[in-house]
Amino acid sequence: MSEYVTTTFGDRVAYDRRGTGRALIFVAGAGPYRAIDPWTTETAELMAETGVQTIVYDRLGRGESVADGRLDLDRDLAALAALIEVAGGSAVLCGHSSGCSISLIAAARGLAVTGLVLWEPPFGSLDGGAREWADEVERRIDAGDLEGALEHYMKDMPPEWLEGARQSPDYPLYVSQVVSYLADGESLAWVESAPLDELLRDIRVPVEVLLGQETFPELFDSAEAIVAAVPGARWRQVPGADHSWEPAPMAHELTGFVTAVAARSVS
């Protein structure tokens with residue numbers, strides 16, 4: 001059964017909390033929310049059995065986290081801050097896709113983040129066009145062209161992803177929820193706004209980048225760039241394909257990471 005927390009902006013965020021102990025919060029990328037993302041829920045359930053507290057939540061404007069107005073990055077980060085408080089005042093973040101850039105910004109801005117696991121961050125090069133792309137998505141949203149905004153957001157993704165969405169009976173819902181992608185676009189534009197070692201210089205927590213064993217070649221560049229920018233960061237591959245992980249191996253990997261972070265904090 002969903003729980004709810006209210007942010008400093010007055011937004012009501014829906015989440016599931018499982019287990020007790022050191023906390024990990026899953027930060028979805030553009031699109032997913034609990035009702036359509038069984039992989040994350042299964043991973044969280046497996047981890048809860050190992051003494052890790054997990055939180056899976058609906059990002060603002062999706063699922064049960066109903067919100068209106070401009071759903072920008074500041075409101076998204078306020079949601080994360082509220083969930084960190086729910087978790088006990090600190091947490092590891094596990095970002096998925098553009099959830100990686102949101103997680104990195106949260107840590108860089110001083111939220112109580114104890115570690116970062118980044119699943120397949122889709123980062124471009126310095127000034128690689130993300131700002132113009134994000135601005136065009138927002139322009140279409142402001143003009144009421146939500147379907148056009150979704151199409152533009154997904155323009156560089158495999159075309160079968162958009163076609164699959166169009167064939168789904170939930171396509172009208174996906175279109176309506178594109179308003180929640182503003183924070184994703186802002187965060188990806190931030191990644192390209194300066195050299196990564198400058199943007200991430202204040203991050204002093206363990207960082208691990210994970211890629212699926214079947215993944216897109218360009219994601220290796222993102223992983224290597226993050227590892228080069230953050231001292232002590234590492235990247236590796238685990239079972240997964242099509243930008244998604246396999247729950248059991250991912251639960252094992254994340255449990256080990258949270259345990260190591262906890263041991264580091266008391267050493």
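Below you will find a few notes about this structure. (Residues numbered from 1 in each chain as written. Predicted model: local features only at pLDDT ≥ 70, side-chain atom pairs only at ≥ 80, totals over all residues. Heavy atoms only, no water.)

## What about the overall build of the protein?
And step 1. From N to C terminus, the protein includes 11 helices and nine strands.
And step 2. The C-alpha radius of gyration of the protein comes to 17 Å, within 12% of the 18 Å expected for a compact globule of 267 residues.
And step 3. Principal-axis analysis of the C-alpha atoms places the extent of the protein at approximately 55 × 40 × 35 Å.
And step 4. Every one of the 267 residues in the protein was classed for burial, and the buried ones make up 54%.
And step 5. By sequence separation, contacts in the protein at least 24 residues apart represent 73% of the contacts at least 6 residues apart.
And step 6. Of the roughly 11700 Å² of accessible surface on the protein, a fraction of 51% belongs to carbon and sulfur atoms. (Helix = DSSP H or I, 4+ residues; strand = E, 2+ residues; numbered from the N terminus. Rg over C-alpha atoms; globule rule 2.2 N^0.38 Å. Buried < 20%, exposed > 50% of the residue type's maximum accessible area, 1.4 Å probe, protein only. Contact = heavy atoms within 4.5 Å. Areas by Shrake-Rupley, 256 points an atom, 1.4 Å probe, with all protein chains shown as cover.)

## Some remarks on the packing of helix α4 (residues 130-142) against helix α5 (residues 146-153)
And step 1. The interhelical angle for the contact between α4 and α5, taken along N-to-C directions, is 165°, at an axis separation of 7 Å. With respect to α5, the axis of α4 lies roughly antiparallel. Here α4 runs over α5; the crossing is left-handed. Across from W133, E136, V137, R140 and I141 in α4, the residues of α5 making contact are L146, G148, A149, H152 and Y153.
And step 2. Looking at the contact of α4 with α5 residue by residue, the class counts come to six nonpolar, two polar and two charged. (Axes fitted to C-alpha atoms, helices over the stretch in contact; angles between N-to-C directions. Parallel < 35°, antiparallel > 145°, perpendicular 65-115°, else oblique. Left-handed = near helix turned anticlockwise from the far one by under 90°. Nonpolar A, V, L, I, M, F, W, Y, C, P; charged D, E, K, R; others polar.)

## Considerations on the sheet that holds strand β7 (residues 207-214)
And step 1. Reading across the sheet, the nine strands line up as β1-β2-β4-β3-β5-β6-β7-β8-β9 and stay open at both edges, with mixed pairing between neighbours. Sheet topology places β1 (3-6) and β9 (244-245) at the edges, where each strand pairs with a single neighbour.
And step 2. When β1 meets strand β2 (residues 12-18), the two strands line up antiparallel, connected through four bridges. From the neighbouring strand, V5 faces β2, where its bridge partner is V13.
And step 3. With respect to the sheet, helix α1 (residues 38-48) is in contact with β2, β3 (23-27), β4 (53-57) and β9, its orientation differing from that of β3 by roughly 175°. (Pairing = 2+ DSSP bridges.)

## Regarding the packing of aromatic side chains
And step 1. Counted by the stated rule, this structure contains six aromatic pairs.
And step 2. Where F26 meets W245, the ring centres are 6.1 Å apart and the plane angle is 40°; that geometry is what we call tilted. Here F26 is found in strand β3, whereas its partner W245 is found in strand β9, with 219 residues between them in sequence. Summarising the burial analysis for this pair, F26 and W245 share the class buried. (Phe/Tyr/Trp six-rings, centres within 6.5 Å; stacked < 30°, edge-to-face > 60°.)

## Thoughts on the side chain of S97
And step 1. Its location among the elements puts S97 in the loop between β5 (91-96) and α3 (98-108).
And step 2. The exposure class of S97 is buried, given its relative accessible area of 15%.
And step 3. Each residue touching S97, except ones within four places of it in the same chain, is listed here: W119, E120, P121, P122 and H243.

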